[in-house]
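Report on the structure
These are the residues of each chain, in order.
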Amino acid sequence: MKLYILNGPNLNMLGVREPEHYGNTTYQSLIEMIEAHARQRGIEVVCRQSNHEGALVDWIQEAYFEGADGIVINPGAYTHTSIALLDAVKSTKLPTVEVHISKVEEREAFRQISYIRAACVKTITGHGTAGYLEAIDFLISRKEASACR
Ligand code: DQA
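The rules we used
Residues numbered from 1 in each chain as written. Predicted model: local features only at pLDDT ≥ 70, side-chain atom pairs only at ≥ 80, totals over all residues. Heavy atoms only, no water. Pairing = 2+ DSSP bridges. Helix = DSSP H or I, 4+ residues; strand = E, 2+ residues; numbered from the N terminus. Axes fitted to C-alpha atoms, helices over the stretch in contact; angles between N-to-C directions. Buried < 20%, exposed > 50% of the residue type's maximum accessible area, 1.4 Å probe, protein only. Polar contact = N/O pair within 3.5 Å; in protein donor to acceptor, adjacent residues only side chain to side chain. Contact = heavy atoms within 4.5 Å. Near = heavy atom within 4 Å. Nonpolar A, V, L, I, M, F, W, Y, C, P; charged D, E, K, R; others polar. Core = buried A, V, L, I, M, F, W, Y, C linked by side-chain atoms within 4.5 Å.

**A word on the sheet that holds strand β2 (residues 44-49)**
Adjacent strands of a sheet pair through backbone hydrogen bonds, lying either parallel or antiparallel. Strand order in the open sheet formed by five strands is β2-β1-β3-β4-β5, and the pairing between neighbours is parallel. A strand with exactly one partner marks an edge of an open sheet, and here the two such strands are β2 and β5 (122-125). The average angle at which neighbouring strand axes cross in this sheet is 15°, direction not considered. In terms of strand pairing, strand β1 (residues 2-7) meets β2 through six bridges, oriented parallel. In the strand pairing of β2, Y4 is matched with V46.

Following this line, the structure appears as structure tokens:
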């Protein structure tokens, strides 16, 4: 099983940016945590981060063309603005989990809109960096359940 783990703008600044919302874990440590979790679960992960919307669109399409089984994405602020990311996920039909480190539903009004959510099979908010691991486990269970059917 292969999953793409995509992070949007400013998530490379984890550990530095607004620790009251995003905690103290750095992006590097997050990736190490995800890779260790993937090894333990016996799956492959491709981890990417970009501050550019088009790069994220390209990687969503790449996940499709590379035959990935699903996507975990934290689109950062593009969550609240990007129809391009919504369309990209829709076009791949890959099961996609939207992750937010902070509890976006308890923050500013502009963070209450998520365009990408309509194309996602699940949304996880406010679980800190553990949310990425939950998203991975969800996609693994979902695939196992569909294999049993
Ligand atoms: C975020 C929440 C977004 O509103 C914000 O723009 C981010 C991070 C989160 O992980 O909580 O960059 O997606």
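Still to come is the rest of the account.
**Looking at the side chain of T96**
Tracing the backbone shows T96 in strand β4 (residues 96-100). Here T96 falls in the buried class, since its relative accessible area comes to 0%. A distance of 2.9 Å separates a polar atom in the side chain of T96 from the backbone oxygen of L94. Apart from residues no more than four positions distant in its own chain, T96 is found in contact with I71, I73, V89, C120, V121 and K122.

**Topic: the pairing of β1**
On a regular strand, one side chain projects to one face of the sheet and the next to the other, so that they alternate. β1 sits mainly inside the fold: six of its six residues count as buried. The alternating pattern of β1 places K2, Y4 and L6 and L3, I5 and N7 on opposite faces, both of which are buried.

**A word on unusual backbone geometry**
At N10, a position not held by glycine, the phi torsion is positive, near 75°. With respect to the helices and strands, N10 occurs in the loop between β1 and α1 (19-22). The partly exposed category is assigned to N10, whose relative accessible area is 37%. Positioned with a positive phi, E18 is a non-glycine residue whose angle comes to about 25°. Mapped onto the elements of the fold, E18 is located in the loop between β1 and α1. Classification of E18 as partly exposed rests on a relative accessible area of 35%.

**Remarks on the site of the ligand**
As a matter of local geometry, the ligand sits amid R17, Y22, N74, G76, A77, H80, H100, I101, S102, V104 and R111. Contact distances for the ligand include 2.7 Å between an oxygen atom and a side-chain N or O atom of H80. Among the residues forming the shell around the ligand, the class breakdown is four nonpolar, five polar and two charged.

**Overview of the environment of V46**
Here V46 is to be found in strand β2. On a C-alpha basis, the gap between V46 and L6 in space is 8.2 Å, while along the polypeptide they are 40 residues apart.

**Digging into the nonpolar core**
Counting residues in each nonpolar core, the largest one holds 23 residues, and the members touching the most others are I5, I34, V72, Y132 and I136. Among the elements of the structure, β1, α2 (27-41), β4 and α5 (130-148) are those that each provide at least two residues to this core. At six residues, α5 tops the list of elements feeding residues into this core. Dropping the residues within four chain positions of it, Y132 is found in contact with I5, N7, L11, L30, I34, V72, N74, V99 and I101. Among the nonpolar cores identified, the runner-up in size contains 21 residues, and L6, A68, L85 and A88 belong to it.

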